[in-house]
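Next come the chains, spelled out residue by residue.
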Amino acid sequence: MWDRLITDCHVATMVAAPDNPLGLFPNAAIGIDGGKIVRVGKRTELAGFRAKEVVPCGGAWITPGLVDCHTHLVFGGTRANEHAMRRAGATYEEIAKAGGGIASTVAATKAASADALQQQARRRLHALMAGGVTTVEIKSGYGLDTASEMRLLNAARAIGRGEPVRIVTTLLAAHALPPEAREGLAREAYVRMIVEEMIPAVAKAGIATSVDAFCESIAFTPAEVERVFTAARANGLPVRLHAEQLSNQKGAELAARYKALSADHLEHLDAAGAKAMAAAGTVAVLLPGAFYALNEKKKPPVQLLRDAGVPIAIASDCNPGTSPVLNPQLIINMACTLFGLTPEEAIAGMTVNAARALGLAHEVGTIEAGKAADLCVWRVNELNELGYWVGMPGPERRIFAGEG
Ligand code: NIG
Ligand code: FE
């Protein structure tokens, strides 16, 4: 006897077949036991199975729970002032160089008490969850010293405790240079601290499952990123990279050389980068919220990614500076409207491919026997509506590990 039988629904399993990219299964049912999916099939096929609870869905559509694979959710303060400065003509780079940007969030994060930090982050987490997110990645990167980065990773893990959500944490110490370490020797000392102190400490404490970096003219050079990646590898942690967001630094190729789980942003990606990513199995994570908020003009080369065969994920990039977005439905819509993804690609981007970007494809992202029973029940007539509405409400029901 199963725990639950979800029935009277249409299912997008997200297990792609050539003629059925979303793995659509009309008039289906899903068996759940012990928090996992045990069977997906035609409603009539599953009618003979018994469950402690039958959940009829009235003809709704069901997708895997959404996976937000790139966020910076834990931070102090906001940067509403910079939003205003940009409206007056300042660019993101100019604000960063003048000591604003990430550095100002680092200061506000330091000033926030542990309680305040977690309370604010939990509110943002709840907003994403209301939008159907069942797995969320959270990066550090607003600490920039060993204790502060670890504080952020621990806070990110703490806000998930007791909540029906899976949290994955990423060390992003190479996000920005601390203000006192912008040049020369101090700069070198900061990179050395990441390599010799932060990555080993975080790996030992087991509080992050990957290491990320920001490869950009206003952040870290490819050579510095390479040192960070080498240390990550030596400590058994896979890598990811903020690559080609504002300029082409050949970050995607660098990421691919280290078999990165993902390279993210990619507005300035070129053909060689796309080819290298495809060969390495590195997922492209596109972040339309940052593109929109920075009012960027250069779009990521989606056709190049398709032609090269790079899996495309999308994410909120929720952060105070470049993407103050807490609505996954809006991200799905923006990925379609701004970047030209098809609704099918956008839905795959927040489910199956996002799971891949986190190295969690064996656990979440599709509706298949053996995966976590994380599901979203959508009251829509057709699934395309997920890309169509501009910020539609979240799912009618959100099931996490079989419950809810
Ligand atoms: O993903 N690009 C670098 N990191 C963030 C921005 C963080 C910030 O400005 O606070 C991003 O866009
Ligand atoms: Fe980011």
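What you see is a predicted model, and the numbers here were worked out from it, not measured in a lab.

Student: I'd love a proper account of the overall build of the protein, names of residues and values included.
Tutor: Helix and strand content of the protein: 16 helices and 14 strands. Compactness check: the protein gives a C-alpha radius of gyration of 21 Å against a globular reference of 22 Å for 404 residues, within 12% of the reference. By principal-axis analysis of the C-alpha atoms, the protein measures approximately 70 × 45 × 45 Å. Sorting the 404 residues of the protein into buried and exposed places 53% on the buried side. Counting only contacts in the protein whose residues sit at least 6 apart along the sequence, the fraction spanning at least 24 positions is 72%.

Student: Tell me about the domain arrangement of the protein, and please be specific about residues and values.
Tutor: Here the protein is partitioned into domain 1 (2-64 + 366-399) and domain 2 (66-357). Taken together, the 20 residues of domain 1 in the interface contact 20 residues of domain 2. Of all the secondary structure elements, the ones that give two or more residues to the side of domain 1 that touches domain 2 are β4 (51-64) and α16 (385-388). Here the side of domain 1 that touches domain 2 is built from residues that sort into 12 nonpolar, 6 polar and 2 charged.

Student: Before we move on, could you go through the nonpolar core and cite the residues and values that matter?
Tutor: Ranked by internal contacts, the top residues of the largest apolar core, which has 135 residues, are I62, V228, A255, A284, A313 and A335. Residue contributions to this core peak at 7 residues, all from helix α7 (residues 184-205). Domain assignment of the residues forming this core places at least three in each of domain 1 (2-64 + 366-399) and domain 2 (66-357). Once you skip the residues sitting within four places of it in the chain, A313 turns out to touch C69, S262, V283, A284, V285, G349, N353, A354 and A357.

Student: Give a description of the sheet that holds strand β9 (residues 240-243) that names residues and reports values.
Tutor: Hydrogen bonds between backbone groups are what pair the strands of a sheet, and the pairing can be parallel or antiparallel. Read from one edge of the open sheet, 4 strands run β9-β10-β11-β12, paired in parallel fashion. Where the open sheet ends on each side, the last strands, each with one partner, are β9 and β12 (312-314). Across the sheet, the mean angle from the axis of one strand to that of its neighbour is 25°, orientation sign disregarded. Taken together, the 4 bridges between β9 and strand β10 (residues 262-265) define a ladder with parallel strand orientation. Within β10, the residue paired with H242 across the bridge is D264.

Student: Please give an account of the UniProt feature "binding site: Fe(3+)" (unreviewed entry) in the protein that cites residues and values.
Tutor: According to UniProt, the "binding site: Fe(3+)" (unreviewed entry) feature falls on H70, H72, H242 and D317. Spanning 248 residues, the named residues form one tight spatial group whose C-alpha atoms are at most 12.3 Å apart. Take H70: it is sitting in the loop between β5 (66-68) and α2 (80-87). Every residue in contact with H70, bar those within four places of it in the chain, is listed here: E137, D264, V285, L287, A315 and D317. If you trace the backbone, H242 turns up in strand β9. Once residues lying within four places of it in the same chain are set aside, the contact partners of H242 are D212, A213, F214, C215, D264 and H265.

Student: I'd like a rundown of the sheet that holds strand β2 (residues 24-33), residues and numbers included.
Tutor: The mixed open sheet is built from 6 strands, whose spatial order is β3-β2-β1-β4-β13-β14. Either end of the sheet is taken by a strand with one partner, and the two such strands are β3 (36-42) and β14 (397-399). Across this sheet, the average inter-strand angle for adjacent strands is 30°, counted without regard to direction.

Scoring rules and cut-offs
- Along each chain, residues carry numbers from 1 onward, in the same order as the chain's sequence is written.
- Lettering of chains starts at A and numbering of ligands starts at 1, both following the order in which they are written.
- Thresholds applied to this predicted model are a pLDDT of at least 70 for local features of residues and 80 or more for the giving and counting of side-chain atom pairs; totals over whole chains, interfaces and linings are not thresholded and use all residues.
- Strands here mean DSSP runs of E at least two residues long; helices mean DSSP runs of H or I at least four residues long; both are numbered from the N terminus.
- A radius of gyration in this sense is built from C-alpha atoms; the matching globule rule multiplies 2.2 Å by the number of residues raised to 0.38.
- Our exposure labels follow a C-beta count within 10 Å of each residue's own C-beta, placed from the backbone: buried means 20 or more other C-beta atoms, exposed means 12 or fewer, and partly exposed covers the counts in between.
- We call two residues in contact when their backbone-placed C-beta atoms lie within 7 Å.
- A domain assignment, automatic or from a database, supplies the domain bounds used here.
- Charged means Asp, Glu, Lys or Arg here, nonpolar means Ala, Val, Leu, Ile, Met, Phe, Trp, Tyr, Cys or Pro, and polar covers whatever is left, Gly included.
- To count as a nonpolar core, a set of buried Ala, Val, Leu, Ile, Met, Phe, Trp, Tyr and Cys residues must be joined through C-beta atoms within 7 Å.
- Any two strands with at least two DSSP-identified bridges between them are counted as paired.
- Between N-to-C directions, angles cover 0 to 180 degrees, with each direction set by a line fitted to C-alpha atoms, over the stretch in contact for helices.
- UniProt positions are given in the numbering used here, feature names are shortened, and annotations may be inferred rather than shown by experiment.

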